[in-house]
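# Report on the structure
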Amino acid sequence: MSNFKDTVLVSGGAGYIGTHTAVALMEAGYRVVIIDNFSNSEPSAIEGVKQIVGHDVIFEQVDTCRTDELRRVFERYDFSTVIHFAAYKAVGESMDEPLKYYMNNLLSYMNILELMKEFKRPNVLFSSSATVYGDADVLPVTENTPRKPATSPYGNTKQMAEDILRDCCAAYEGMYGIALRYFNPIGAHPSALIGELPRGVPNNLLPYVTQTAAGIRECISIFGNDYDTEDGTCLRDYIDVVDLAAAHVAAVDRMTEKKMKTKYEIFNVGTGRPVSVLELVTRFEKANNLKLNYRFAPRREGDVPAVWADTALANKELGWVAARDLDDTLRSAWAWEKHLRGIK
Ligand code: WQD
C-alpha cells in the first residue's frame, strides 16, 4: 500500500498554473508526475516546486507532441488522471501563426487522449478558458451561456479541445472529463518561489504591471477608457492562481472519488467579482504602497468589454470557493516579481 491518494500526470507542469497545481496536489496527498518540454518555461520552476514541497519531485522532460516520448511516460507511471496544461497561450501570436497553435495544442492533446484510451486511464482534466464565451450577451456567464465563435486560433483550440473531450467521454466507456474554464489567473504562491514567468513583453495585464513597478517597463497602457462600464475600462474576473490550483485539486478529488454526475462536466473557475482594469492598477499601487506610471491608450483589438463568472456550480459541485483576498493576491504578484529581479 502506498501512502498516496492516487497518481496524477501534469502536462505543462513547469508552467504558471501547472507549478501551482502540482504543489497543491502534492500537499493534498497526491503523487504527481510532471512533464514539460520547457518551450515556455524554465527548469527553475521545478526547483521552486521542490523547495515549496520540501522534497524531490518526479519530472520528465517530454514533448507531448511526441507520441513515443509520451508513451514511455504512460508505460512508466500508473496514474489515473491527467491534467493537460501543456499548450501555447498567446492570443496575438496565434493570429499570426495559426498552424503553430493548431499543431501544438491539438496534437499534444489528442496524443494524450489516445494514450489515456489505450492504457485505460480514466480521468482527463482540461485547461479551458473563459475566452470560449467571447463577448457574452448576459453577465455573469454560467456554464450554460452559449459559446461565441472564437475570435482567435488560440480560442478556437480551447473550444475544439472541449468538444473533443465531450465526444471522447460520450464514446469511450472508461473515459471521464472535466473542463475548467479559467477566468484571469493572477498572483503567485505566497512563498514567492513560483509565479508567472512571461518571456519578452508581457501580453497580460498583471505581469505588465509588476514589470512596470520593477522599472523594466516605463508605463502601463490601459487599453480603452471609453467602454460602457463605470470607469470606462474593461471588466474582468481576476482569480488568484493558488485558488485556481485548489479548484484543480477539488476536480481531481471529484474524478478519483467517482463523484461526477455526468461523464463530461464543465466548471467556471473565477471569483464572480468583476474588477476594472483601472481598479486593478490602482489597487496594486495601494496594496504595495507604490506609484505606477499609466496612461489611457486606444482599445486593444479583440478585447471584450466585460466578462465575469457565475461560480455557483463550481462552489456547489466542487465544494470550492475563491478564498484569497485581491489585495493579498496583488502583494503576492509583486513579491514574486521582486524575487525574480532580486529587488529587496
Ligand atoms: C486583461 C485586461 C486588457 C494589458 C487573455 C486571454 C485569455 C486568457 C488570459 C491565457 C483587458 C487590459 C492588458 C495591458 C491593459 N488566456 N490590458 N493593458 O485579454 O482578459 O485574457 O489572457 O492564457 O484567453 O484572452 O487578459 O491580462 O491580456 O487583459 O489595459 O498592458 O487588461 O485590455 O481588458 P484577457 P489580459
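One structure accompanies this document, and this report is about it. What you see is a predicted model; the values in this text were computed from it and never measured. (Residues numbered from 1 in each chain as written. Predicted model: local features only at pLDDT ≥ 70, side-chain atom pairs only at ≥ 80, totals over all residues. Heavy atoms only, no water.)

## Some words on the overall build of the protein chain
Using the following cut-off: A run of H or I in DSSP becomes a helix once it reaches four residues, and a run of E becomes a strand once it reaches two; helices and strands are each numbered from the N terminus. Each residue is assigned to one of three classes by its accessible area relative to the maximum for its type, calculated with a 1.4 Å probe on protein chains only: buried under 20%, partly exposed between the two thresholds, exposed over 50%. Note on definitions: a residue-residue contact is assigned when non-hydrogen atoms from the two residues lie within 4.5 Å. Only the protein chains shown count as cover for residues, and all accessible areas are computed by the Shrake-Rupley method using a 1.4 Å probe. Charge counting follows a simple rule: Lys and Arg are positive, Asp and Glu are negative, and His as well as the terminal groups are ignored. Here the site of a charge means atom NZ of a Lys, CZ of an Arg, CG of an Asp or CD of a Glu.
Looking only at helices and strands, the protein chain features 11 helices and 13 strands. A burial count over the protein chain gives 54% of its 344 residues as buried. In the protein chain, of all internal contacts separated by at least 6 residues, the share reaching a separation of at least 24 is 79%. Approximately 15500 Å² of the protein chain is accessible, and the part contributed by carbon and sulfur atoms is 50%. The distance from the centre of the 38 positive side-chain charges to the centre of the 46 negative ones in the protein chain is 2 Å.

## Some remarks on the packing of helix α1 (residues 16-27) against helix α8 (residues 241-256)
This is how it is decided: Helix axes use the C-alpha atoms of the stretch in contact, all axes being lines fitted to C-alpha atoms, and the angles between their N-to-C directions lie in the range 0 to 180 degrees. Should an angle fall under 35 degrees it is taken as roughly parallel, and over 145 as roughly antiparallel, whereas 65 to 115 is taken as roughly perpendicular and any remaining angle as oblique. Each crossing gets its hand from how the near helix is turned against the far one by less than a right angle, where anticlockwise is left-handed and clockwise is right-handed. Polarity classes work like this: nonpolar for Ala, Val, Leu, Ile, Met, Phe, Trp, Tyr, Cys and Pro, charged for Asp, Glu, Lys and Arg, and polar for all others, with Gly in that last group.
The contact between α1 and α8 brings their axes to 8 Å, and the two run at 55°. Considering the angle they form, α1 stands oblique to α8. Taken as a pair, α1 and α8 cross one another with a handedness that is right-handed. The residues of α8 that touch α1, namely those facing Tyr16, Ile17, His20, Thr21, Ala24 and Leu25, are Val241, Val242, Leu244, Ala245, His248, Val249 and Val252. Among the residues forming the contact of α1 with α8, the class breakdown is 10 nonpolar, three polar and no charged.

## Describing the packing of helix α5 (residues 98-118) against helix α6 (residues 153-171)
How two helices sit against one another is set out by the angle between their axes and by the gap between those axes. Between α5 and α6, whose axes approach to 10 Å, the crossing angle comes to 20°. The angle between α5 and α6 places the two elements in the roughly parallel class. In terms of crossing hand, the pair formed by α5 and α6 is right-handed. Counting all contacts with α5, which are made through Pro98, Tyr101, Tyr102, Asn105, Leu106, Tyr109, Met110 and Leu113, the residues of α6 involved are Pro153, Tyr154, Asn156, Thr157, Met160, Ala161, Ile164, Leu165 and Cys168. Considered class by class, the residues forming the contact of α5 with α6 number 14 nonpolar, three polar and no charged.

## Overview of the nonpolar core
What counts here: Within this scheme, the nonpolar core is defined by two criteria: the residues are buried Ala, Val, Leu, Ile, Met, Phe, Trp, Tyr or Cys, and they are joined through side-chain atoms within 4.5 Å.
In terms of nonpolar packing, the biggest core is built from 44 residues, with Leu25, Ile178, Leu180, Leu318 and Trp320 touching the most fellow members. Breaking this core down by element, the ones donating at least two residues are β1 (7-11), α1, β2 (31-36), α2 (43-53), β6 (176-182), α8 and β11 (264-269). It is α8 that provides the largest number of residues to this core, a total of nine residues. By size, the runner-up hydrophobic cluster in this structure holds 25 residues, among which are Val82, Tyr109, Cys168 and Ile266.

## Structural notes on the pairing of β6
Counted only if it meets this: Strands pair, by our definition, only if DSSP identifies at least two bridges between them. Orienting the strands away from the viewer, one traces the path from the first strand over the helix to the second; a clockwise path indicates a right-handed crossover.
Burial analysis of β6 places six of its seven residues in the buried class, the great majority of the element. Summarising the sheet, strand β5 (residues 123-129) and β6 pair through seven bridges and their orientation is parallel. The residue bridging Val124 from the neighbouring strand is Gly177, located in β6. Viewed along the sheet, the connection from β5 through α6 into β6 turns out right-handed.

Read these as spatial facts, not as claims about activity.
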